Amino acid sequence: MTEPQPTSSRLVDLVDVYVSGQLDEGGLDELESLLVADSEALRYFVHYASFHTDLHLEMRARNAGRRALSALGHLGGADFTGSAPDAEVMQPRWWALPRIWLAVAGLLILAGAASWMQGWIGVPSVHDDAGPAIAWLVNAQNCQWADGAADTGDMQAGTILRLERGLAEIRFQCGATAVIEGPAELELLTARRARLRRGRLTAKVPQEASGFEVLSPQGKVIDLGTEFGIHVAESGVTDVVIFDGKVEAHVNGSHDRSNDRGVSLTRNQSARIAEGKITLQTAKSEELDQFVRAIVPPPVITPRTMRLTFQNSVDATLRDKSGAGIGLTHRLPGTGSRLETNDPNLLLDPRAAQLELTTTESDLNTKFRLARGEYLGVRLADLGFTGSEDFAVAVTIPDIPALELVGQVGVYAGPRSDQNIRGGVISRGLGEYTQFLVNNHDGNDADFNRVGLFPTGTDLRLTLKRSGGKYLLRLENLTLGNASTLTNRHPEFLDRQSDFFVGVFAANTQSKVRRTIVLKEFEATVWTVSSRSTR
Amino acid sequence: MSGGHGLIVLPSGLAVAEASERRQEGEFADYLRDHQSRLYAYIHSLVRDLNDADDLLQQTTLILWKKFGEFDRQGNFCAWACGIARLEVANFLRSRARRRLYFSDDLNLLLVEAQIEMSVAEQAERREALAQCVEKLRERDRELLQECYADASDVNAAADRRKRSSQSVYNSLRRIRRALYECIVRTLAQKSRKECLP
């Protein structure tokens, strides 16, 4: 057969630009008219296009060969990487054909063994009915499917996903991924195409999957290698926002392909497709924020608790008057600096499972005699606290004694004596207490909040907790079996602090009369947060 | 198991059907093996994307197998297969015809005819010649081809690595392709002359 001769240099140019994918519409028309008019031109085209296909396959083969030889080099110590692979080694080149082609061609070699035919092309109809998988469900979060199913891996063309709530991530065979947010309904059409009937979808499309399409009742969006969000309202009105890259939006009803160029949208643009037209606008940040772009697994929150029941002495902790370790490890910085190492105000009683704390005349408010103040506790960093975590401190105080007026016992949290929040019970004199919670900023009490009345002799459980950044004090009256919670103006001055101490205190603030408080069951907890990797 | 030594066991009706089916499968496989590269080249020339061509070849093969009973054994398998592939390609292009960057169906039909003119042997020879010609390229041209035609073919990335514009890389690729094609034509002509020598 004679080699076809190109009829003109223009034909040569056009054919080459065509196979390289660079030909524009005008060029395509010109080429088509040349090919239709001349059979020799047609033959030249077929030869050149065939050459171009072979060139693709040849180059894939060479790359695969280079990688394989490189791997052998690593194994055997030989250096194959510096030189081009030997052409002999590359023959035959069939193994370099693309994935599916390889499956077809390779298996056909075994055609004598007809079992392949039954397994793949095969007549048993189960496979044919289901069709090949075009997409996979790869991730899901809090999903509720309308038909109670769909929580499967492989999905075939025609599959309709009806998600009532939650998030589902689908990977298409072409490489595009989509996150749909319930309520939503998505129909999988092909490995590169899906129809969003309603709801919200975000698609991430790598360059090689460019051309991925999402159809809506009003039009469609063609991705050109990017990330975009699409929302289809119940009415069918379709909104598109572009996070990155470029897409084309089209409206339905444009049958004239030459006029249907679509509207190009780029990063941070949005468009509404409705009533046969596309309205372009700049995407507002609220619009962008409405789309879930990835399924982020909920963080794992692990409570780390230190619990003391005072049933034994603990080494390397603060010591009581007899030198026994009481279990608490720190004092609120700025307090207790002049107290003796074997603190005469403390007595650990393991048999009674309690710690006795005798009040001192001191007050955080106005920083009064804090060097002798009893503000015992733990450092939260020891429980994994880094500044943002929630935490709580709790202590049980049975049989509260009658402190003099404004004598107080309770729990505290803060980085130091002049930056903290504390709460508990404060004496009103005459054998009565009231629950209180107060911020202490720069050494002075502020936002003092109190409620309720308790007689002496009441058993209390006090818990000071920070939850979602907010503080609250919970007082359980173990004698009566009721509880009350006090919140206070938010202490912003603590928000930026990362080294917190929490603990228990007792003080006869404006009196010389000291009393002994019994402490039982001290507990400090930090809810540490760690992210979980997606599956 | 029945059948003693030397006894021929006649197949049951089911076994006859199975045997016939296996024969048909073997026959289909033979046809496909002979013509698959031209079929693939045809599809690729229309869609110009290897991954799309992979998918379309797979779809087409399934349809060919299902319709194999209708194929006239006296006819041209390549023409029949390319005709079916043409319809698959048309369906595929309709679904993504955002721009008119593909040939008309009429031209695709003409291309089937031109495609079947190229023989299997001829195509194998051309492929052989291509491998030799690639070896003759300058090292840097071969590297550029490999970068731009391999799995993650990306002209822009290759241009960035060379600190060149994409257009200049496209121009280089065009020059290399033309040189390769001319080399193939020359190689085939030389081979043909040698074979004709007395």
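Residues numbered from 1 in each chain as written. Chains lettered and ligands numbered in written order. Predicted model: local features only at pLDDT ≥ 70, side-chain atom pairs only at ≥ 80, totals over all residues. Heavy atoms only, no water.

1. Concerning the overall build of chain B
When helices and strands are tallied, chain B shows eight helices and zero strands. Counting helices and strands in the order they occur from the N terminus, chain B gives α-α-α-α-α-α-α-α. Evaluated residue by residue, chain B yields a buried proportion of 47% over its 198 residues. Contacts in chain B between residues at least 24 apart in sequence constitute 64% of all its contacts with a sequence separation of at least 6. Per element, the accessible surface of chain B, about 10200 Å² overall, is 51% carbon and sulfur. (Helix = DSSP H or I, 4+ residues; strand = E, 2+ residues; numbered from the N terminus. Buried < 20%, exposed > 50% of the residue type's maximum accessible area, 1.4 Å probe, protein only. Contact = heavy atoms within 4.5 Å. Areas by Shrake-Rupley, 256 points an atom, 1.4 Å probe, with all protein chains shown as cover.)

2. Some thoughts on the overall build of chain A
Helix and strand content of chain A: eight helices and 28 strands. In chain A, the proportion of contacts linking residues at least 24 apart, taken out of those at least 6 apart, comes to 57%. For chain A, the accessible area works out to roughly 23700 Å², and carbon and sulfur atoms hold 49% of it.

3. With respect to unusual backbone geometry
Residue and element names in this part refer to chain A. Across the junction of Gly182 and Pro183, the peptide omega takes the value 0°, indicating a cis bond. Counting through the fold element by element, Pro183 comes out in strand 4 (residues 177–190). Backbone geometry at Lys367 places phi at a positive 55°, although glycine is not the residue there. The class for Lys367 is partly exposed, based on a relative accessible area of 44%. Positive phi, close to 55°, is recorded for Asp399, a residue that is not glycine. Position of Asp399 relative to the elements: it lies in the loop between strand 19 (390–397) and strand 20 (408–416). A relative accessible area of 51% places Asp399 in the exposed class.

4. Examining the packing of aromatic side chains
In the structure shown here, the tally under the stated rule is 28 aromatic pairs over all chains. Through a chain of ring-to-ring contacts, the aromatic side chains of B:Phe28, B:Tyr31, B:Trp65, B:Phe68, B:Phe71, B:Phe77 and B:Trp80 assemble into a single cluster. Looking at A:Arg466, its charged tip hangs above the ring of A:Phe500, at a distance of 5.5 Å from the centre. (Phe/Tyr/Trp six-rings, centres within 6.5 Å; stacked < 30°, edge-to-face > 60°. Lys NZ or Arg CZ within 6 Å of the ring centre and 35° of its normal.)

5. Section: the pairing of strand 8 (residues 227–232) of chain A
The side chains of a regular strand alternate, first on one face of the sheet and then on the other. All names here are of chain A. The element strand 8 is largely enclosed, with a buried count of five among its six residues. Across six bridges, the pairing between strand 5 (residues 193–204) and strand 8 is antiparallel. Bridge pairing in strand 8 links Gly199 to Val232. Here strand 8 runs beside strand 9 (residues 238–244); their pairing, made up of six bridges, is antiparallel. (Pairing = 2+ DSSP bridges.)

6. Digging into the packing of helix 1 (residues 9–19) of chain A against helix 2 (residues 25–37) of chain A
Helix-helix packing is described using two parameters, namely the angle between the two axes and the distance between the axes. Residues and elements named next belong to chain A. Relative orientation of the contacting elements helix 1 and helix 2 amounts to 125°, with a least axis distance of 10 Å. Comparing the axis directions of helix 1 and helix 2 gives the class oblique. Helix 2 is crossed by helix 1, and the crossing has left-handed handedness. Together, Arg10, Leu11, Leu14, Val15 and Tyr18 of helix 1 and Gly27, Leu28, Glu30, Leu31, Leu34 and Leu35 of helix 2 make up the contact between the two elements. Each residue belonging to the contact of helix 1 with helix 2 can be placed in one class, and the counts come to eight nonpolar, one polar and two charged. (Axes fitted to C-alpha atoms, helices over the stretch in contact; angles between N-to-C directions. Parallel < 35°, antiparallel > 145°, perpendicular 65-115°, else oblique. Left-handed = near helix turned anticlockwise from the far one by under 90°. Nonpolar A, V, L, I, M, F, W, Y, C, P; charged D, E, K, R; others polar.)

7. Here we look at the environment of A:Arg496
Residue and element names in this part refer to chain A. Among the secondary structure elements, Arg496 is positioned in the loop between strand 26 (482–487) and strand 27 (501–507). Judged by its relative accessible area of 69%, Arg496 falls in the exposed class. A sequence separation of 109 residues divides Arg496 from Gly387, and the C-alpha atoms of the two residues are 7.6 Å apart.

8. Thoughts on the state of the cysteines
The final tally for this structure, using the stated rule, is one disulfide over all chains. Unpaired in terms of disulfides, B:Cys82 finds its nearest cysteine sulfur in B:Cys78, a separation of 3.9 Å. (Disulfide = S-S within 2.5 Å.)

9. A look at the sheet that holds strand 27 of chain A
With respect to topology, seven strands assemble into an open sheet ordered 15-18-27-20-21-22-23 (chain A), the strand pairing being antiparallel. Edge positions in the sheet fall to strand 15 (330–331) and strand 23 (444–455) of chain A, since each of these pairs with one other strand and no more.

10. Considering the pattern of salt bridges
Oppositely charged side chains are able to pair whenever their charged atoms sit close together. Residues and elements named next belong to chain A. Scanning all chains against the criterion turns up 42 salt bridges over all chains. Residues Asp445 and Arg422 are paired through a salt bridge, measuring 2.8 Å at the closest nitrogen-oxygen approach. One end of the pair, Asp445, is in strand 23; the other, Arg422, is in strand 21 (residues 419–429), and 23 residues separate them in sequence. Using a relative accessible area of 21% as the deciding quantity, one classes Asp445 as partly exposed. (Salt bridge = Lys/Arg side-chain N within 4 Å of Asp/Glu carboxyl O.)

11. Concerning the pairing of strand 21 of chain A
Residues and elements named next belong to chain A. Taking burial as the measure, the 11 residues of strand 21 include 10 buried ones, the bulk of the element. With seven bridges connecting them, strand 20 and strand 21 associate as antiparallel partners. Bridging across to strand 21, Arg416 finds its partner in Gln419. Here strand 20 hands over to strand 21 after two residues, the two strands then running antiparallel side by side. The sheet contact formed by strand 21 and strand 22 (residues 432–441) spans 10 bridges and is antiparallel. Bridged to Gly429 within strand 22 is Glu432. Between the end of strand 21 and the start of strand 22, which pair antiparallel, lie two residues, with Leu430 showing a positive phi angle near 55°.

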